[in-house]
Amino acid sequence: MNPAHFLRATVCGALLAAGIASSASAEGTFDIPAGAHFNQAKLEKVTEFFKNEVATGKIAGANVLIRQRGKEIYHETFGVQDVVSKTPITDQTIFRLSSLTKAITSVVAMQLIQDGKIKLDDPVSKYIPSFANVKVGVEKKNEDGTKTLELVPLIRPITILDLMRHTSGITYGFYGDSLVRKAYAAADLYAGDFDLAEFAERIAKLPLHNQPGALWQYGHSTDILARVMEIVSGKSLLEIEREKLLDPLGMNDTRFFVTEPEKQKLLAQPVPNDSNFRVGREYRVEVRQKWESASGGMVTTMSDFSRFAQMLLNGGTFEGKTYLSPKTFELMASDHIGKGSGVERDYFYFPGDGFGMGLGLAVRTDPGNAKPPPPGSLGELKWDGASGCYMVIDRKQDMFFVLLEQTPSERQRIQRTLKQLVYEAMEN
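Just so it is clear, the model here is predicted, and its values are computed rather than measured. Residues take numbers from 1 onward in each chain, read along the sequence in its written order. Note on the predicted model: pLDDT of at least 70 is required for a residue's local features to be given, and 80 or more for side-chain atom pairs to be given and counted; whole-chain, interface and lining totals, by contrast, use all residues. Water and hydrogen atoms were dropped before computing side-chain values, which therefore reflect all heavy atoms in the structure.

**A word on the packing of aromatic side chains**
Part 1 of the reasoning: In summary, the pairing rule links any two rings of Phe, Tyr or Trp, Trp by its six-membered ring, whose centres are within 6.5 Å, and it sorts them by plane angle into stacked for under 30 degrees, edge-to-face for over 60 and tilted for everything else. By the definition in use, this model includes 22 aromatic pairs.
Part 2 of the reasoning: Judged by centre distance (5.3 Å) and plane angle (20 degrees), the ring pair of phenylalanine 50 and phenylalanine 78 falls under stacked. Here phenylalanine 50 is found in helix H2 (residues 40-55), whereas its partner phenylalanine 78 is found in strand S3 (residues 71-79), with 28 residues between them in sequence.
Part 3 of the reasoning: When accessible area is computed with a 1.4 Å probe and restricted to protein chains, residues below 20% of their type maximum are described as buried, those above 50% as exposed, and intermediate ones as partly exposed. According to the relative accessible area criterion, phenylalanine 50 is buried, its value standing at 0%.
Part 4 of the reasoning: For phenylalanine 78, a relative accessible area of 5% gives the class buried.
Part 5 of the reasoning: Their ring planes at 45 degrees and their centres at 5.3 Å tell us that phenylalanine 305 and phenylalanine 308 sit as a pair that is tilted. Note that phenylalanine 305 and phenylalanine 308 are positioned in helix H10 (residues 302-313) at a spacing of three residues, about one turn of the helix. With respect to burial, phenylalanine 305 and phenylalanine 308 carry one shared label: buried.
Part 6 of the reasoning: An aromatic cluster of at least three residues, connected via ring pairs, comprises Tyr172, Phe174, Tyr175, Trp216, Tyr218, Tyr347, Phe348, Tyr349, Phe350 and Trp383.
Part 7 of the reasoning: In this structure, lysine 321 packs its charged tip against the face of tyrosine 323, placed 5.6 Å from the ring centre.
Part 8 of the reasoning: Here the basic side chain of lysine 382 rests over the ring of phenylalanine 355, its NZ or CZ set 4.2 Å away from the ring centre. Secondary structure elements are defined from DSSP: runs of H or I of at least 4 residues count as helices, runs of E of at least 2 residues count as strands, and each element is numbered from the N terminus. Counting as a charge over the ring demands two things of the Lys NZ or Arg CZ atom: a distance within 6 Å of the ring centre and an angle within 35 degrees of the ring normal.

**A closer look at the confidence of the model for the chain**
Part 1 of the reasoning: One number per residue, pLDDT, summarises how confident the predictor is, and it ranges from 0 to 100. Here the chain averages 92 in pLDDT, and 92% of its residues register 70 or above.
Part 2 of the reasoning: Whether two residues are in contact is decided by their heavy atoms, any of which lying within 4.5 Å being enough. Taken as a whole, residues 1-26 scores under 50 in pLDDT and shows 54 contacts with residues more than four places along the chain or in a different chain.

**A few points about the pairing of strand S14 (residues 399-405)**
Part 1 of the reasoning: Within S14, seven of the seven residues are buried, leaving the element largely enclosed by the surrounding structure.
Part 2 of the reasoning: Neither face of S14 is open: one carries Met399, Phe401, Leu403 and Glu405, the other Phe400, Val402 and Leu404, and all of them are buried.
Part 3 of the reasoning: Here strand S2 (residues 61-68) runs beside S14; their pairing, made up of seven bridges, is antiparallel. Paired with isoleucine 66 across the bridge in S14 is phenylalanine 401.
Part 4 of the reasoning: Any two strands with at least two DSSP-identified bridges between them are counted as paired. Where strand S13 (residues 390-394) and S14 come together, five bridges link them in antiparallel fashion. Residue methionine 391 lies in a different strand from S14, and its bridge partner there is valine 402.
Part 5 of the reasoning: Count of turn residues in the S13/S14 antiparallel hairpin: four residues, of which aspartate 398 carries a positive phi of about 50 degrees.

**Topic: helix H5 (residues 179-186)**
Part 1 of the reasoning: Those residues of H5 lying buried are Val180, Arg181 and Tyr184. Projection of H5 onto a plane perpendicular to its axis shows the buried side chains occupying an angular sector of 100 degrees, all on one side. Exposed residues on H5 whose side chains face more than 90 degrees from its buried face are Ala185 and Ala186.
Part 2 of the reasoning: Buried-residue contacts for H5 involve strand S5 (136-141), strand S6 (147-152) and helix H6 (196-204).
Part 3 of the reasoning: Positive phi shows up at aspartate 188, right after H5, with a value of about 55 degrees. Summarising the geometry, the arc corresponds to the directions from the helix axis toward the C-beta atoms.

**Here we look at unusual backbone geometry**
Part 1 of the reasoning: In the segment running from lysine 371 into proline 372, the intervening peptide bond is cis, with an omega of -5 degrees.
Part 2 of the reasoning: Examined against the element boundaries, proline 372 turns out to sit in the loop between strand S11 (362-364) and strand S12 (381-384).
Part 3 of the reasoning: At arginine 69, a residue that is not glycine, the phi angle is positive and equals roughly 50 degrees.
Part 4 of the reasoning: As for its position among the elements, arginine 69 is in the loop between S2 and S3.
Part 5 of the reasoning: Given a relative accessible area of 40%, arginine 69 falls into the partly exposed group.
Part 6 of the reasoning: For glutamate 319, which is not a glycine, the phi torsion comes out positive at approximately 50 degrees.
Part 7 of the reasoning: With respect to the helices, strands and loops of the structure, glutamate 319 is situated in the loop between strand S8 (317-318) and strand S9 (321-322).

**Some thoughts on the environment of leucine 97**
Part 1 of the reasoning: Its location among the elements puts leucine 97 in the loop between strand S4 (95-96) and helix H3 (101-114).
Part 2 of the reasoning: Judged by its relative accessible area of 0%, leucine 97 falls in the buried class.
Part 3 of the reasoning: Put simply, leucine 97 and glutamine 264 are 167 residues apart on the chain and 15 Å apart in space, counted from C-alpha to C-alpha.

Next comes the structure, spelled out in structure tokens:
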């Protein structure tokens, strides 16, 4: 499967069309009335499904957790950390988060906004001057049918808001075939041992895929956001994340690298024929590097990540400590690319059918075009990563579920099935 097809598969169901339904009528397992509870017998289908995934060799193992109203409703581990050691999965097993790293980075960015260190309307060039000189790459078709890239000036500067909602024009070079994405691929962005400062300068030398604010465009926006976070805090990304979020939350194993031999024994691995994460670079966490990838480089455990998910479900608080104020959380959890925003969506709109985009997380805004619509609740927050990890926050039902697994190629099917089974097990 080529990268474009692989990444396009992240969209569950049809993409949002121009005229999406504005009214949401509950259909099937979509938008179940508040106050629902779980039928434990129906949750057995989740167990049966994952046992079969392991038994048939599609995945090495997985950890699935559902919590509702502060209580553990379902928590099962399946299979092994890797097929070589055959060590069983536990809550201390370490998983690569891939793009779920963006959610953690974005929460810390919101904390800095809350502290007045950054403003959403700040131009990125205020912190990284080279971004004042970036150009937008516009494809021009020649008479002979070939395409060339014309570089045009920015209509307006890239802002912090653009970075957080993925409307900066900064992209990735490992999916799609546009000339700008090809320029990213040809730039050898991941060469050598570089830090976020150097990486930001590499990105600033490349053309933007589109004008800021014009299109939802997945890419390295979160890495540039992280560099701004370093600049305003005077600390490395991990230092500021540990200080503001990870250490206070008790997320002691959520880091960028796993270099300690004892910890490396806890690192989950995909099955050997499913080890290509398709992210344009070798995805190694066992060797410490300068680059702390804010868009896709963190690892975590269920013990750690469940605390993060619960904090989001609580609206920014956990065990008596406030991480995000109600106002800040509402800002993060609101759709920022909906009607009137000017932001368009294309083939590569990964939040998917029925979802808008908050500041770092997709947010459910309507049932979407699929009939019946995919399960869930309005206001749902979610994201996932190329490694297979997946998080859904349903504040309407006071419930979240987390899936930790390592399977680049099977993840979409598994995530979709798990969500369906979770909501089918809910009753009023």
